[in-house]
Amino acid sequence: MGLPLSVFGLMFAPMSDRPKAATPGTIGWLIDKHMCLTVYCNDLACQHRAEPDLQKLADRLGREHSYLLPKLGPKLKCSACGGKKIVIQVTPNGTMGYRG
Ligand SMILES: [Zn+2]
């Protein structure tokens, strides 16, 4: 039993009002891929580390917002020292590859 043709029609239908596959490089993509975002303060005297809630970031900035430093960095600041020098690192969620 083959797939009905209408299935293929759905694939090409505009999906403006429903969740679509996330674009790589965006916050939505991180969520879909179960990635984890770790943000470091680049101030040597501080070195605060945080893992922002991606869902909250997506609510605030939109799922299509880039998570890359030039785009996301200016939106973040260190909650410990207020510094704007931020380092962003992406890690697979739940994979403890190394110990800090
Ligand atoms: Zn700091």
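In what follows, the structure referred to is the one given above.
All values reported here derive from a predicted model rather than from experimental measurement.

J.: In this structure, what is going on with the overall build of the protein chain? I would like to understand it.
T.: When helices and strands are tallied, the protein chain shows 4 helices and 3 strands. The secondary structure elements of the protein chain, listed N-terminal to C-terminal, are α-α-β-β-α-α-β. For the protein chain, the proportion of its 100 residues judged to be buried stands at 12%. Sequence separation of 24 or more characterises 68% of the internal contacts of the protein chain that already satisfy a separation of 6 or more.

J.: So what exactly am I meant to see when it comes to the environment of lysine 33 here?
T.: Mapped onto the elements of the fold, lysine 33 is located in the loop between helix 2 (27-32) and strand 1 (35-41). Residue classification places lysine 33 among the partly exposed residues on the basis of 13 C-beta atoms within 10 Å. C-alpha separation for the pair lysine 33 and alanine 22, spaced 11 residues apart in sequence, amounts to 9.3 Å.

About the criteria used
Residues numbered from 1 in each chain as written. Predicted model: local features only at pLDDT ≥ 70, side-chain atom pairs only at ≥ 80, totals over all residues. Helix = DSSP H or I, 4+ residues; strand = E, 2+ residues; numbered from the N terminus. Buried ≥ 20, exposed ≤ 12 C-beta atoms within 10 Å, placed from the backbone. Contact = placed C-beta atoms within 7 Å.

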